[in-house]
Amino acid sequence: MAKIKLEYIWLDGYEPTQNLRSKTKVEEHENFKGTLEELGNWSFDGSSTKQAEGGSSDCLLVPVAIYPDPTRINGYLVMSEVMYADGTPHPSNGRATIDDDNDDFWFGFEQEYFIMDTKTLLPLGFPVGGYPAPQGMYYCSVGGKNTHGRKLVEEHADLCIAAGINFEGINQEVACGQWEFQLFAKGAKKAGDEIWVARYLLDRLTEKYGYYIEYHPKPLGDTDWNGSGMHANFSNEVLRTCGDQATYERICEAFRPVTAEHIAVYGAYNEQRLTGKHETASIHDFSYGVSDRGCSIRIPLMTVQKGWKGWLEDRRPASNGDPYKIAARIIKTVKSAL
């Protein structure tokens, strides 16, 4: 028998932005294979996470995905949904709202973020009381003058790959101390699971560096520094195979009348980022176009070159958005056009 460390991870009930929570359960297993079928439900004190009242505070954790924990011996990361005691989804459970049981929808999320110094409370590379050189030389840069935080970013990439997450890339972003990683998954629920576990690994990793991750979409306020988004690249069987410009345009147009519904779940404080500047469309407008990063939805040039077979990119989601809720809303809109 071996002692197995199971890190149950879930989202709390804080608003407007939920936070990751986790706790460790140690169990004895013989020949543990790391499958969901070997796991049981667990519970937690929902009154401490804004998910229950003190008089009846137990909430259920139901495992939905499991990954090896590359930092622990016999350790596993267990992404979990929050349920009521009767087994119905808690209102904070965005995963339960996804209508994609057959995994027809594929998502590629581009997660931007700032690495912050816990002592200065500023992004890496920012001097106390001032600003570094203006934007321009940081994007995809190399060298100690313009590149800050690479050691943490590389280690995070290695951890995600070792955990079996479909990690697809990293790059330094436009602002100083700003980075991005990309994930892809076939199935909206899986895509959300992997973003949240990747965020968990990133947040936990900062503990040993004296850093923290800032997911706010405009952490530097009303300045000429870029904000952070989480662009959502998505497709379904129709988008991947239709070969028809009119179908693409019909799907894009379906997003126009529900702009407010999308913005409502695309992350808090997104109005500070979606200003029409810094490669964003205004939060008050809706637009789409081929290869246009200033639009709400970009039709990738590669999609057009392949004869209108490919995917779309919604550029509006903020870096602090919940990928479950974002995917659920995109799926609902796409299905309404078909």
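Residues numbered from 1 in each chain as written. Predicted model: local features only at pLDDT ≥ 70, side-chain atom pairs only at ≥ 80, totals over all residues. Heavy atoms only, no water.

- As annotated in an unreviewed UniProt entry, the protein is Glutamine synthetase from Flavobacterium cheongpyeongense.
- Regarding the protein, the UniProt comment filed under Function (unreviewed entry) reads as follows: "Catalyzes the ATP-dependent biosynthesis of glutamine from glutamate and ammonia."
- The Catalytic activity (unreviewed entry) field of the UniProt record for the protein holds the comment "L-glutamate + NH4(+) + ATP = L-glutamine + ADP + phosphate + H(+)". (UniProt positions renumbered as here; feature names shortened; annotations may be inferred.)

**Here we look at the packing of helix α4 (residues 245-255) against helix α7 (residues 323-336)**
1) Next: One can describe the packing of α4 onto α7 by two numbers: an axis separation of 8 Å at closest approach and a directional angle of 125 degrees. If you check the angle between α4 and α7, you find them oblique. Between α4 and α7 the crossing geometry is right-handed. Of α7, the residues touching α4 (which contributes I251, A254 and F255) are I330, T333, V334 and S336.
2) Next: A breakdown of the residues in the contact of α4 with α7 according to their chemical character gives 5 nonpolar, 2 polar and no charged. (Axes fitted to C-alpha atoms, helices over the stretch in contact; angles between N-to-C directions. Helix = DSSP H or I, 4+ residues; strand = E, 2+ residues; numbered from the N terminus. Parallel < 35°, antiparallel > 145°, perpendicular 65-115°, else oblique. Left-handed = near helix turned anticlockwise from the far one by under 90°. Contact = heavy atoms within 4.5 Å. Nonpolar A, V, L, I, M, F, W, Y, C, P; charged D, E, K, R; others polar.)

**Things to note about helix α2 (residues 188-206)**
1) Next: Helix length check: α2, at 19 residues, gives a terminal C-alpha distance of 27 Å against a target of 27 Å (1.5 Å per residue), a fit within 8%.
2) Next: Burial runs high along α2: 16 of the 19 residues are buried. (Expected span 1.5 Å × (residues − 1). Buried < 20%, exposed > 50% of the residue type's maximum accessible area, 1.4 Å probe, protein only.)

**With respect to the domain arrangement of the protein**
1) Next: When the domains of the protein are assigned, the result is domain 1 (2-92) and domain 2 (106-336).
2) Next: Among the residues of domain 1 in contact with domain 2, L20, Y67 and P70 are the three that bury the most area, contributing 33% of the side total.
3) Next: Scanning the region where domain 1 abuts domain 2 turns up 1 salt bridge.
4) Next: D69 is the partner of R204 in a salt bridge, and the nearest nitrogen-oxygen pair spans 2.9 Å.
5) Next: Applying the counting rule to domain 1 against domain 2 returns 5 residue pairs in polar contact (both at pLDDT 80 or more).
6) Next: Secondary structure elements with two or more residues in the side of domain 1 that touches domain 2: β1 (2-11), β2 (20-29), β4 (58-68) and β5 (75-83).
7) Next: By residue number, the principal contributor to the side of domain 1 that touches domain 2 is β4, which donates 4 residues. (Domains from an automatic or database assignment. Buried area = accessible area lost by both parts, 1.4 Å probe. Salt bridge = Lys/Arg side-chain N within 4 Å of Asp/Glu carboxyl O. Polar contact = N/O pair within 3.5 Å; in protein donor to acceptor, adjacent residues only side chain to side chain.)

**Concerning the nonpolar core**
One broad trend across soluble globular proteins is that nonpolar side chains are buried collectively.
1) Next: Formed by 64 residues in total, the largest nonpolar core has its most connected members in F107, Y113, I165, L312 and I330.
2) Next: In terms of residue count, the dominant contributor to this core is α2 (10 residues).
3) Next: By size, the runner-up hydrophobic cluster in this structure holds 13 residues, among which are I4, L6, Y8 and L39. (Core = buried A, V, L, I, M, F, W, Y, C linked by side-chain atoms within 4.5 Å.)

**Some remarks on the pattern of salt bridges**
A side chain of one charge can pair with a side chain of the opposite charge when the charged atoms of the two come close.
1) Next: Tallied over the entire structure, the rule returns 15 salt bridges.
2) Next: D99 is the salt-bridge partner of K335, the closest N and O atoms lying 3.1 Å from each other. Of this pair, K335 sits in helix α7 while D99 sits in the loop between β5 and β6 (106-117); the two residues are 236 residues apart in sequence, bridging distant segments of the chain.
3) Next: A residue is classified by how much of its surface remains accessible, and K335, at 36% relative accessible area, is partly exposed.
4) Next: Since its relative accessible area comes to 45%, D99 is described here as partly exposed.
5) Next: Of the charged contacts in the structure, one is a salt bridge between D101 and K189, with a shortest N-O distance of 3.4 Å. Of this pair, D101 sits in the loop between β5 and β6 while K189 sits in helix α2; the two residues are 88 residues apart in sequence, bridging distant segments of the chain.
6) Next: Residue class for D101 comes out exposed when judged on its relative accessible area of 67%.
7) Next: Accessibility expressed as a relative area gives 22% for K189, which makes it partly exposed.

**Some thoughts on unusual backbone geometry**
1) Next: Following E15, the chain continues into P16 via a peptide bond in cis, with omega recorded as 5 degrees.
2) Next: Within the secondary structure, P16 sits in the loop between β1 and β2.
3) Next: Of note, N74 is a non-glycine position whose phi angle comes to about 55 degrees, a positive value.
4) Next: Looking at where N74 falls in the secondary structure, it is placed in the loop between β4 and β5.
5) Next: Phi at L121 is positive, roughly 60 degrees, even though this residue is not glycine.
6) Next: When you line up the elements, L121 lands in the loop between β6 and α1 (150-162).

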